[in-house]
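# Structural characterization, general
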Amino acid sequence: ANTVSEESWKLFHERLHEAYAALAAAADRGQQLCPVWYSVMQQIALGESWPRELYERLFAKAVTRNPTFYDYYRQKVIYLLPQWHGNPGELAEYVDSVAQSENDANSSLLYFLINESVGMYDWSEKRKPAAHYDVLKRGFLNLQKTHGATLRDTNWACYKALLANDQPFAKELFTQLKDNADLRIWETKEFFNS
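Residues numbered from 1 in each chain as written. Predicted model: local features only at pLDDT ≥ 70, side-chain atom pairs only at ≥ 80, totals over all residues. Heavy atoms only, no water.

### A short note on the side chain of Thr154
Threshold: Only DSSP runs of H or I covering at least 4 residues are called helices, and only runs of E covering at least 2 are called strands; the numbering of each starts at the N terminus. Contacts are residue-level and defined by heavy atoms, with any inter-residue pair within 4.5 Å sufficient.
Here Thr154 lies in helix 9 (residues 151-163). Setting aside residues no more than four positions away along its own chain, Thr154 makes contact with Phe140, Ala149, Leu173, Gln176 and Leu177.

What follows is the structure, given as structure tokens:
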């Protein structure tokens, strides 16, 4: 951020304002809002530094309308990163709350995806074992079964299985991955191969 010119910051804020105006106009028409409307509004709220209370109301409304729309949760992860609006420990608390919510198939799947997002945004978190590994594993298996897991998802599940010392599951996932290492997760091919 410290390398962005004043002119670019001005343009950034003008575009955020225009985006907000477009979304507000869509909401004023009284039509059913697309689920992505809320996700984009969360991005605007992030860029405009909305107060926490206002952001949480937006998030709650989004989740009430579409509780399994993953991008709402991913956007909240970004909002809670310390470089944005989160306080120390707050992001981990949020992720833990998802793992502990009702413990059904949807919450375990969301926990897996959110854990993966946090790891991609915060390298120190990536290297930690999942606080609720059993929920994470259940979420990954649910993802594989219901939607199909991407190579990145499978790499993430494998990486977290190793951190949790779940060698049998890691071996199973390495078999699925073959030679398809996601270096955003493993960092080096040598680490993946070892």
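Next comes the rest of the write-up.
### Here we look at the packing of aromatic side chains
Note the cut-off: Stacked, tilted and edge-to-face pairs are distinguished by plane angle, under 30 degrees for stacked and over 60 for edge-to-face with tilted covering the rest, among Phe, Tyr and Trp rings (Trp via its six-membered ring) whose centres lie within 6.5 Å. Only protein chains enter the calculation, and the probe is 1.4 Å; a residue is then buried if its accessible area is under 20% of its type maximum, exposed if over 50%, and partly exposed in between. Throughout this description, the term charge over a ring refers to an Arg CZ or Lys NZ atom that lies within 6 Å of the ring centre and within 35 degrees of the ring normal.
Applying the stated criterion across every chain, the model contains 17 aromatic pairs. Considering the side-chain rings of Phe59 and Tyr73, the 5.7 Å spacing of their centres and the 90 degrees angle between planes classify their relative orientation as edge-to-face. Of this pair, Phe59 sits in helix 3 (residues 52-65) while Tyr73 sits in helix 4 (residues 70-80), placing them 14 residues apart in sequence. Of the residues examined, Phe59 reaches a relative accessible area of 10% and is grouped as buried. Taking 5.4 Å as the distance between ring centres and 75 degrees as the angle between the ring planes, the aromatic pair formed by Trp186 and Phe192 counts as edge-to-face. Overall, Phe192 belongs to the buried group, its relative accessible area being 5%. Looking at Lys137, its charged tip hangs above the ring of Phe169, at a distance of 4.6 Å from the centre.

### A short note on a nonpolar patch on the surface
Quick note on the threshold: Patch membership needs two things, relative accessible area over 30% and no salt bridge, and members are linked within 9 Å if like-charged or within 5 Å if nonpolar (Val, Leu, Ile, Met, Phe, Trp, Tyr). The Shrake-Rupley method, run with a 1.4 Å probe, gives the accessible areas here. Residue values count only the displayed protein chains as cover. Between Lys or Arg on one side and Asp or Glu on the other, a salt bridge is scored when a side-chain nitrogen of the former is within 4 Å of a carboxyl oxygen of the latter.
Nonpolar side chains collect at one region of the surface, where Val4, Trp9 and Phe12 lie side by side and expose about 240 Å² of accessible area between them. Relative accessible area serves as the criterion here: at 32%, Trp9 is assigned to the partly exposed category.

### Concerning the environment of Leu110
Mapping Leu110 onto the fold places it in helix 6 (residues 105-121). Take Leu110: its relative accessible area is 8%, and that puts it in the buried class. When the C-alpha atoms of Leu110 and Gly139 are compared, they prove to be 7.1 Å apart, with 29 residues separating the residues in sequence. Each residue touching Leu110, except ones within four places of it in the same chain, is listed here: Pro67, Tyr70, Tyr73 and Val98.

### A closer look at unusual backbone geometry
Look at Asn165: it is not a glycine, yet its phi comes out positive at around 60 degrees. Residue position: Asn165 is located in the loop between helix 9 and helix 10 (167-177). Judged by its relative accessible area of 60%, Asn165 falls in the exposed class. Notably, Glu187 is not glycine yet its phi reads approximately 75 degrees, a positive angle. If you trace the backbone, Glu187 turns up in the loop between helix 11 (183-186) and helix 12 (189-193).

### A look at the pattern of salt bridges
Opposite charge on two side chains lets them pair, provided their charged atoms get close. Summed over the entire model, instances satisfying the criterion amount to twelve salt bridges. Here Glu90 makes a salt bridge to Arg52, at a shortest N to O gap of 2.4 Å. Linking Glu90 in helix 5 (residues 90-100) with Arg52 in helix 3, this pair joins segments that are 38 residues apart in sequence. Judged by relative accessible area, Glu90 falls into the buried class, the value being 19%. When the shortest N-O distance is used, the salt bridge between Lys137 and Asp166 registers 3.0 Å. In this pair, Lys137 is assigned in helix 8 (residues 133-146) and Asp166 in the loop between helix 9 and helix 10, connecting sequence segments 29 residues apart. In this structure Asp166 comes out as buried when scored by relative accessible area, which is 14%.

### Let's talk about the nonpolar core
Condition: Among buried residues, those of type Ala, Val, Leu, Ile, Met, Phe, Trp, Tyr and Cys that are joined through side-chain atoms within 4.5 Å constitute a nonpolar core.
If you look at the biggest cluster of nonpolar residues, it comprises 54 residues, and the most contacted ones within it are Trp37, Tyr73, Leu91, Tyr94, Tyr111, Phe112 and Ile114. Among the elements that line this core, the one with the most residues is helix 6, at eight residues. Ignoring anything within four residues of it in the chain, the contact list for Phe112 reads Leu136, Gly139, Phe140, Leu143, Asp153, Trp156 and Ala157.

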